[in-house]
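# Understanding the architecture of this molecule
Spelled out from the first residue to the last, the chains are:
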Amino acid sequence: MGTALSGTLAGYYSPDRETVYFGVLGGIAIVLGLALATAAKPICRLMSGIR
């Protein structure tokens, strides 16, 4: 899935809009990282079977 997604996103790359391209991808990575950090403790609690 990652390879297919990177191939699709590479079609949007243009040297003229390089800053915007990498800015958007970086922003998405930060948002997903924050979401994962926020959800980690509840997910671990659910996986342990203790409520």
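Calculation criteria
Every residue gets a number counted from 1 within its own chain, in the order that chain's sequence is written. Since the coordinates come from a predicted model, pLDDT governs what is reported: local features require at least 70, and pairs of side-chain atoms require 80 or more to be given and counted, while whole-chain, interface and lining totals use all residues. In computing side-chain values, all of the structure's heavy atoms are included and hydrogens and water are not. Strands here mean DSSP runs of E at least two residues long; helices mean DSSP runs of H or I at least four residues long; both are numbered from the N terminus. What the globule rule says is 2.2 Å times the number of residues to the power 0.38, and the radius of gyration is computed from C-alpha atoms. Relative accessibility thresholds used throughout: buried, under 20% of the residue-type maximum; exposed, over 50%; partly exposed, between the two (1.4 Å probe, protein chains only). Note that accessible areas follow from Shrake-Rupley with a 1.4 Å probe, and for residues the cover is restricted to the protein chains shown. The aromatic pairing rule takes the rings of Phe, Tyr and Trp, using the six-membered ring of Trp, and pairs them if the centres are within 6.5 Å, calling planes under 30 degrees apart stacked, those over 60 edge-to-face and the rest tilted. To estimate the expected span of a helix, count its residues, drop one, and scale the result by 1.5 Å.

### As for the overall build of the chain
Looking only at helices and strands, the chain features two helices and zero strands. Whereas a compact globule of 51 residues would reach a radius of gyration of roughly 10 Å, the chain reaches 16 Å, over 25% beyond that. Along the three orthogonal principal directions, the C-alpha set of the chain runs to about 50 × 20 × 5 Å. Per-residue burial for the chain yields a buried fraction of 4% across its 51 residues. Surface exposure of the chain reaches about 4,600 Å², of which carbon and sulfur atoms provide 71%.

### Focus: the packing of aromatic side chains
Scanning the model with the defined rule gives three aromatic pairs in all. Measuring from ring centre to ring centre gives 5.3 Å for Tyr 13 and Tyr 21, while their planes differ by 70°; the resulting arrangement is edge-to-face. A relative accessible area of 33% means that Tyr 13 is categorised as partly exposed. Centre to centre, the rings of Tyr 21 and Phe 22 are 5.0 Å apart; their planes meet at 85°, and the pair counts as edge-to-face. Residue classification places Phe 22 among the partly exposed positions, given a relative accessible area of 48%.

### Comments concerning helix α2 (residues 18-48)
Over its 31 residues, α2 extends 44 Å from the first C-alpha to the last, a length consistent with the 45 Å expected when each residue adds 1.5 Å. In the stretch just after α2, Gly 49 is the one whose phi turns positive, near 85°.

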